[in-house]
Amino acid sequence: MSLREAKTLYGSDADAADQREAFRSGNVPVAVYGLGKMGLPLAAVYAETCGNVVGADIDPEVVSAINRGDCHVKREPKLPELVSESVESGALRAVESPTKAAHEAAIHVVIVPTPITDENQPDLAILQSVAESIAEGLEPGDLVVIECTVPPGTTRDELLPLLERESGLSREEFGVAVCPERTASGRALEDIRGAYPKVVGGVDDESTRVAELVYGELTDNDVISVPNATTAEAVKVFEGVYRDVNIALANELATIADDAGIGVNGAIETANTQPFCDIHKPGAGVGGHCIPYYPYFLIGQFDAEFPLLRTAREVNDSMPAFTVEKTAELLAEEGKSVSDSRVLVLGLTYRPGVEETRATPAKPICADLTERGAAVFAVDPMLDDISGFDATKVALESLGEYEFDATILVTDHDEFAGIDWAGFDPMVVVDGRDALDLSWTNHRVYTIGGD
């Protein structure tokens, strides 16, 4: 191989085995843009695979921490050790400038947030800014990989033209592919290394080939090549909307538990013993930066009504109000008014064991209770600051010092297993996650979906 072939993969006529060796040996430098809770684990796995990774993040504290060998992402098993080892060996380093990283790399991996606006429109501003920075350092033979979730067609219709325009390179001189992130907090390294097959799709056959080669070295699982980048984008969005619709079905079924006189949760569990049935669990609401957002990557982007996706969003968005209304009904049956009650909310993050609060159902639950006049208290072992919530913070270890008329379990953190329920006077407990067995207590317990 020539020197240039040793440093790039797109368009190379070298033997595939030589290209894999060039990547694994660090001759093909990698930049990972975005070092958050998904980006840092990805950068660390790239670093352990090829030994030549620069990570870019605009947060100077994140960059400084990584360059010290510290891990700012919490509760990711074995990630702190991997980051420390990678930095110490020189396999991983961080910079604040995406442009600087772009000038150093031949493979550019983008994993930055793609939220929605208040009007439920995809907000791709961060991704577009990173793409502009990459274009400044883009060279012939480079490959750009998009791991963040975007509306299908984004790479083909927006990012590829942007990279061409801003880099001055022609279409045939560099590659662009999509490899959608399929990673969950708390198990990131496991997922990246091969818990699930990787999916890759390029804007041309050569982009797909190179992406498949690269991710074949990162994962112990299969690499599935799909026809193009748009299909790869759609795979990730479809995964998310499937879950949103499925959860909406479970939530809608949960609302009939009282009238039907059945335990919907038990009925769902039994129904799922049939191999063609996989109904998810109902609950107090759907949060996070994924499931509540992805339907809007389709709604409004295509000439279709999407009545099912819209209905699913309405159903899932209604569950916080349903939860509060059930709490109010149960308090009324105990002769109490919400406006005169002290209500404890257990869990503010959108899922157990993570710090993420985006779209968490706890926020509208706290706001609704406060608007109804309740004194709202909240405890979450993941959060030091709950200033964005309409609630008074309570430390978990201090719960026994308080009296409550009602408690709502929104997020089932492991730490809640140690709560001394017998230490409270009888109260209303609304279990929003079918996670509590308080049959041995005098509390009046209502489980969303029924017991």
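Scroll up to find the structure.
Quantities reported herein were computed from a predicted structural model and do not represent experimental measurements.

Draft legend 1. Region of the structure containing the pattern of salt bridges. Taken as a whole and judged by the stated rule, the model has 27 salt bridges. We note a salt bridge from K281 to D434, for which the minimum N-O separation is 3.8 Å. With K281 in the loop between helix 13 (264–271) and helix 14 (307–333) and D434 in the loop between strand 13 (428–431) and strand 14 (444–447), this residue pair connects regions lying 153 residues apart in the sequence. Given a relative accessible area of 48%, K281 falls into the partly exposed group. Two residues, R444 and E334, come together in a salt bridge whose shortest N-O distance is 3.1 Å. Remark: E334 occurs in the loop between helix 14 and strand 9 (342–346) and R444 occurs in strand 14; sequence separation between them is 110 residues. Salt bridges here are not isolated pairs; linked through shared partners, they connect R20, R24 and E217.

Draft legend 2. Here's a closer look at the side chain of N246. In this structure, N246 sits in helix 11 (residues 229–254). Excluding anything up to four places from it in sequence, N246 contacts D278, I279 and H280.

Draft legend 3. How the structure looks around the packing of aromatic side chains. Enumeration according to the criterion identifies eight aromatic pairs in this entry. Consider the rings of F23 and Y46, whose centres lie 6.3 Å apart with planes at 90 degrees: the pair is edge-to-face. Taken together, the positions of F23 in helix 2 (residues 16–24) and Y46 in helix 3 (residues 39–50) put the pair 23 residues apart, joining distant regions of the chain. Look at F23 and you get buried, because its relative accessible area is 0%. Since its relative accessible area comes to 0%, Y46 is described here as buried. Taking 6.0 Å as the distance between ring centres and 10 degrees as the angle between the ring planes, the aromatic pair formed by Y402 and F404 counts as stacked. For F404, a relative accessible area of 7% translates into the label buried.

Cut-off values and rules
Residues numbered from 1 in each chain as written. Predicted model: local features only at pLDDT ≥ 70, side-chain atom pairs only at ≥ 80, totals over all residues. Heavy atoms only, no water. Salt bridge = Lys/Arg side-chain N within 4 Å of Asp/Glu carboxyl O. Helix = DSSP H or I, 4+ residues; strand = E, 2+ residues; numbered from the N terminus. Buried < 20%, exposed > 50% of the residue type's maximum accessible area, 1.4 Å probe, protein only. Contact = heavy atoms within 4.5 Å. Phe/Tyr/Trp six-rings, centres within 6.5 Å; stacked < 30°, edge-to-face > 60°.

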